[in-house]
Amino acid sequence: MHKINSENVSAVLQMCAQAKNIVITGHRSPDGDAVGSTLALSHYLRAKGFENTVILPDDYPTFLHWMKGNEEVQIFDANTDKGEALIAQADLVFTLDYNDLSRTGNMADSLRNSEATMVMIDHHQQPSDYAEVTFSDTTSCSTAQMVYEFIEAAGDVSMIDSEMAECIYCGIMTDSGSFRFSSVEAKTHRIAAQLIENGLDHSKVHMAVYDTNLLDRLKLVGYALSEKLEVMEDLAVAIISLSKEELDKHHYRAGDTEGLVNQALSIDGVQCAVFIREGNNKVKMSFRSKGNFDVNEFARAHFNGGGHKNAAGGAVSAASIEEVLEQFKTAIKGYSSQLELK
Ligand code: 5GP
Ligand code: MN
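Thresholds applied
- Residues numbered from 1 in each chain as written.
- Chains lettered and ligands numbered in written order.
- Predicted model: local features only at pLDDT ≥ 70, side-chain atom pairs only at ≥ 80, totals over all residues.
- Heavy atoms only, no water.
- Helix = DSSP H or I, 4+ residues; strand = E, 2+ residues; numbered from the N terminus.
- Rg over C-alpha atoms; globule rule 2.2 N^0.38 Å.
- Buried < 20%, exposed > 50% of the residue type's maximum accessible area, 1.4 Å probe, protein only.
- Contact = heavy atoms within 4.5 Å.
- Areas by Shrake-Rupley, 256 points an atom, 1.4 Å probe, with all protein chains shown as cover.
- Lys, Arg positive; Asp, Glu negative; His and termini not counted.
- Charge placed at Lys NZ, Arg CZ, Asp CG, Glu CD.
- Core = buried A, V, L, I, M, F, W, Y, C linked by side-chain atoms within 4.5 Å.
- Expected span 1.5 Å × (residues − 1).
- Arc of directions from axis to C-beta.
- Axes fitted to C-alpha atoms, helices over the stretch in contact; angles between N-to-C directions.
- Parallel < 35°, antiparallel > 145°, perpendicular 65-115°, else oblique.
- Left-handed = near helix turned anticlockwise from the far one by under 90°.
- Nonpolar A, V, L, I, M, F, W, Y, C, P; charged D, E, K, R; others polar.

## Regarding the overall build of the protein chain
Point 1. A count of helical and extended segments in the protein chain gives 13 helices and 12 strands.
Point 2. By the compact-globule yardstick of 20 Å for 342 residues, the protein chain fits well, its C-alpha radius of gyration being 20 Å.
Point 3. Projecting the C-alpha coordinates of the protein chain onto the three principal axes gives extents of approximately 60 × 40 × 40 Å.
Point 4. A total of 342 residues make up the protein chain; the buried ones form 52% of that total.
Point 5. In the protein chain, once contacts between residues fewer than 6 apart in sequence are set aside, the share between residues at least 24 apart is 66%.
Point 6. Surface summary for the protein chain: the accessible area is close to 15,400 Å², and the carbon and sulfur share equals 45%.
Point 7. Here the protein chain carries 29 positive and 49 negative side-chain charges, and the mean point of each set is 3 Å from the other.

## Observations regarding the nonpolar core
Across soluble globular proteins, you tend to see nonpolar side chains buried next to one another.
Point 1. Ranked by size, the top nonpolar core spans 54 residues in total, and within it L41, L45, F94, F150, I168 and L195 carry the most contacts.
Point 2. If one sorts the elements of this core by residue count, helix α6 (residues 162-175) sits on top with 8 residues.
Point 3. When neighbours within four sequence positions are excluded, F94 is seen to be in contact with V12, C16, I22, V23, I24, T25, L41, L45, V119 and I121.
Point 4. Counting 25 residues, the second largest nonpolar core, distinct from the first, contains C272, M285, F293 and A319.

## A few points about helix α13 (residues 321-333)
Point 1. Between its first and last C-alpha, α13 extends 18 Å over 13 residues, near the 18 Å set by a 1.5 Å rise per residue.
Point 2. Every buried residue of α13 is listed here: I321, V324, L325, F328, K329, A331 and I332. Each buried residue of α13 lies within a common arc of 170° when the element is viewed along its axis, so the set occupies one face. The exposed set on the far side of α13, more than 90 degrees from its buried face, consists of E322, T330 and K333.
Point 3. Residues of α13 that are buried in the fold lie against β7 (230-231), β8 (237-242), β9 (272-278), β10 (282-289), α12 (295-303) and β12 (311-317).

## A word on the packing of helix α5 (residues 143-153) against helix α7 (residues 186-197)
Point 1. α7 packs onto α5 with a crossing angle of 65° between their chain directions and a minimal axis gap of 11 Å. Here α5 is positioned roughly perpendicular relative to α7, judged by the angle of their axes. Of the two possible hands of crossing, α5 and α7 adopt the one that is left-handed. On the side of α5, the interface is formed by Q145, Y148 and E149, while α7 contributes K187, T188, I191, Q194 and L195.
Point 2. Class assignment for the residues of the contact of α5 with α7 results in 3 nonpolar, 3 polar and 2 charged.

Written as C-alpha cells, this is what we have:
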C-alpha cells in the first residue's frame, strides 16, 4: 500500500515518462466518479506531456457526457478489438475507482493478461493486490478526491484548469451525495474551494448532472416510488424492484434509476435499502444503509458483490427478478436483530 505523497507520486510520474503507452481505466457501469476521475487524471497527465488513452468497460449515462475528453473515451464493449489492442500494447495502466479487476466486466481478462505496470487509485474497501503501486484510501469520499491529492502531491495544483476541475468536482459531488455523506471531510470542502479558485463553475456541474432529466425518467421514478416501494414487515428494510418489462415500458436508459435506492433509504426509521433491477442476463442490486449496518459485508456474503460500508452493489446471473427478491428477503432476515424497525 502506498501513500499519496510527493515521493511516491514523483516515482509514478517517472514511470509515465518512461512509458510508451499509457492507459487509464475505470469500472463497469461507470459512474460520475469513474468518468470524472479517469478524465481528470488523463487531462493532468497530458498537461504534463504524457499521452494516454482512457478506456471504460461500457457506456455511461448521457448526464456524464459533457465532460471534456468524453469523445475520446474508448468504450471496450463497443469496440472490443480496439480495446484489447490498446490494453495489450500498454506498458503502464492506471486502474481508477475499483478495487479488483473483476469490476471491469468484459475488459477484465485483457487486464489480467496484461504485462503492463499497474497503478491503482481507489477508495473501495478491501483492495486486491494486483498493482505495483496501490494508492488505496478507503476513508476517501471519492477517487476524484484522490486524483486531486495526487496532483497536489506533485506540486501541480496550479495546473488544474476549469475543465480538469469540472471532472474532479463531478467525481467528488456524485460519490459524496453532493457533499452530504459522512465520508466528506473538511479537506473535501477545501479541495472544492481550491477548484473554484482555479476557475471551476460548480453550479454548471450540478445542473449538467442533476437537471437534465427526460420526462420518461421522472415517470419511471414516480412509478417506482408509488407502485414498487415496500418496507419489509417488522424490519427497517426498504425495497424497490423493477423488472425488464417495467423498465422497457418507460424507455429505460443507463443511469435512469441512479439515486432511486437513496429515496428508499430516506424513509424515517429505515436502515437498509435495496434496489433490484432486471438486466439482460443478470439481476443487478444496489444496497445502501444508514448507520452501522454494513452492506459491503452483506453484499460480499450473499450476492458476490461489495463496495463500501454504507453503499454497495452485487449481481446475480441466470435468475429471475422474483427469485432474487426472495433470495434477498431470506438473506436479510438473517440480520433481523440488527435491523429492527423501531
Ligand atoms: P451502485 O449501487 O451505485 O451501483 O454501487 C454502490 C457501490 O458498490 C459502488 O461503490 C460500487 O463500486 C460498488 N459496487 C456496485 N456493484 C458492485 C459489484 O457487483 N461488486 C462489487 N464488488 N462492488 C460493487
Ligand atoms: Mn468512487
